[in-house]
Amino acid sequence: MTPKAPMVAFSLGSVSDDTPRSPDGVEVRAGYQGPYGPAYVGYSDDQTATRVWGPNVPSTQLDVGHWGRLDGQPVAAYMKPVPLHVGSLSGEVVRPEWALFSRRHRGVVVTLENRSYLYRITGIAPRELLEWQNGTPVASLKGVLGSHLITETADAVDVAVALVMFYGVPPSAIKAQA
């Protein structure tokens, strides 16, 4: 069993009308307050890309949003890789091979150069969870109970990846595998 790192609470929520847009004009949909915050999340005008930005996190773009993929391909539960850019790092988000008998491996895999994460649904009271490749939790949304949590050892890239996954990849894309 992988030891858990100490976690701290963070908040996600609505923002005021005077919250700054992204450097390229994307409108803010939600704000993050926590380690490396503040940070903001928004979608491209056509809602086919999810963006994260802030003074302490790298500018991030996942080429999928509410209304599909930036490249026009069908989302189809992330069977085809979706490009991800975090600052100067690039990678992809894709659903791995079918994992019918391994609940632990059902999720969406995020690779970002030398980093790897698993984004999945966990627990009896379901919550969205982003883990490092070794199974250590990075961040989780509260679900029905508890608080939004992020590990104390997360860096700015981890925060940006967590936010873009929480807002860019709906739980239905993961639950489709359950």
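Higher on the page you've got the structure.
Just so it is clear, the model here is predicted, and its values are computed rather than measured. (Residues numbered from 1 in each chain as written. Predicted model: local features only at pLDDT ≥ 70, side-chain atom pairs only at ≥ 80, totals over all residues. Heavy atoms only, no water.)

K.L.:
For this particular structure, what's the right way to read unusual backbone geometry?
P.N.:
Excluding glycine, a negative phi dihedral is what most residues carry, and trans is how most peptide bonds are arranged. Each neighbour pair has its own omega, and for Gly37 with Pro38 the value is 0°, a cis peptide bond. Relative to the helices and strands, Pro38 resides in the loop between β3 (28-33) and β4 (39-43). One non-glycine residue, Gln47, lies in the positive phi region at around 55°. Examined against the element boundaries, Gln47 turns out to sit in the loop between β4 and β5 (50-53). (Helix = DSSP H or I, 4+ residues; strand = E, 2+ residues; numbered from the N terminus.)

K.L.:
What is the right way to look at the environment of Pro20 in this model?
P.N.:
Among the secondary structure elements, Pro20 is positioned in the loop between β2 (11-13) and β3. We classify Pro20 as partly exposed; its relative accessible area is 44%. In this structure the C-alpha to C-alpha distance between Pro20 and Tyr40, which are 20 residues apart in sequence, comes to 8.7 Å. When sequence neighbours within four positions are dropped, the list of residues in contact with Pro20 reads Val28, Tyr40 and Trp53. (Buried < 20%, exposed > 50% of the residue type's maximum accessible area, 1.4 Å probe, protein only. Contact = heavy atoms within 4.5 Å.)

K.L.:
I would appreciate a short explanation of a negative patch on the surface in the present structure.
P.N.:
Taken together, the side chains of Asp17, Asp18, Glu27, Asp45 and Asp46 make up a negatively charged region of the molecular surface. Here Asp17 shows up in the loop between β2 and β3. Residue class for Asp17 comes out exposed when judged on its relative accessible area of 84%. (Patch = residues over 30% accessible without salt bridge, like charges linked within 9 Å, V, L, I, M, F, W, Y side chains within 5 Å. Areas by Shrake-Rupley, 256 points an atom, 1.4 Å probe, with all protein chains shown as cover. Salt bridge = Lys/Arg side-chain N within 4 Å of Asp/Glu carboxyl O. Lys, Arg positive; Asp, Glu negative; His and termini not counted. Charge placed at Lys NZ, Arg CZ, Asp CG, Glu CD.)

K.L.:
I would appreciate a short explanation of the packing of aromatic side chains in the present structure.
P.N.:
Two numbers describe a pair of aromatic rings. These are the distance of the centres and the angle of the planes. Tallied over the entire structure, the rule returns three aromatic pairs. Seen from their ring centres, Tyr40 and Trp53 are 6.2 Å apart, and the 40° between their planes marks the pair as tilted. You can see Tyr40 sitting in strand β4 and its partner Trp53 sitting in strand β5, a full 13 residues away along the chain. Centre to centre, the rings of Tyr119 and Phe166 are 6.0 Å apart; their planes meet at 50°, and the pair counts as tilted. Here the residue Tyr119 occupies a position in strand β12 (residues 115-122), and Phe166 occupies one in helix α1 (residues 156-168), the gap between them amounting to 47 residues. (Phe/Tyr/Trp six-rings, centres within 6.5 Å; stacked < 30°, edge-to-face > 60°.)

K.L.:
How do you make sense of the pairing of strand β10 (residues 89-94) when you look at a structure like this?
P.N.:
If a strand is regular, its side chains alternate between the two faces of the sheet. Summarising the sheet, strand β9 (residues 82-86) and β10 pair through five bridges and their orientation is antiparallel. Paired with Val82 across the strands is Val93, a residue of β10. Connecting β9 to the next strand, β10, in antiparallel fashion are two residues, including Gly87 with a positive phi near 60°. In the sheet, β10 pairs with strand β11 (residues 108-112) via four bridges, with the strands oriented antiparallel. Bridging from a neighbouring strand, Gly91 pairs with Leu112 of β11. (Pairing = 2+ DSSP bridges.)

K.L.:
Help me out: how do you make sense of the nonpolar core in this one?
P.N.:
In terms of nonpolar packing, the biggest core is built from 38 residues, with Leu62, Leu84, Val93, Tyr119, Val161, Met165 and Val169 touching the most fellow members. Secondary structure elements with two or more residues in this core: β4, β9, β10, β11, β12, β14 (137-140), α1 and α2 (171-175). Considering every element that reaches this core, the biggest residue donor is α1, with nine residues. In this structure Val169 touches Leu62, Tyr78, Val93, Val108, Tyr119, Glu128 and Val164, once residues within four positions along its chain are discounted. (Core = buried A, V, L, I, M, F, W, Y, C linked by side-chain atoms within 4.5 Å.)

K.L.:
Looking at this structure, I do not really get the pattern of salt bridges. What am I missing?
P.N.:
Once the charged atoms of two side chains with opposite charge are near each other, the side chains can pair. Overall, the coordinates contain five salt bridges when judged by the stated rule. Note that Asp158 and Arg115 form a salt bridge whose closest N and O atoms lie 2.9 Å from each other. Within this pair, whereas Asp158 is found in helix α1, its partner Arg115 is found in strand β12, the two being separated by 43 residues in sequence. Taking the relative accessible area as the measure of exposure, Asp158 reaches 2% and is therefore buried. Residue classification places Arg115 among the partly exposed residues on the basis of a relative accessible area of 23%. Through salt bridges with shared partners, a single network forms among Arg115, Asp155 and Asp158.

K.L.:
What exactly am I supposed to notice about the environment of Ser11 here?
P.N.:
Within the element layout of this structure, Ser11 appears in strand β2. Owing to a relative accessible area of 36%, Ser11 belongs among the partly exposed residues under this scheme. In this structure, the C-alpha to C-alpha distance between Ser11 and Gly34, residues 23 residues apart in sequence, is 6.6 Å. Excluding residues that lie within four positions of it along the chain, Ser11 makes contacts with Gly31, Tyr32, Gln33 and His148.

Keep in mind these numbers describe shape, not what the thing actually does.
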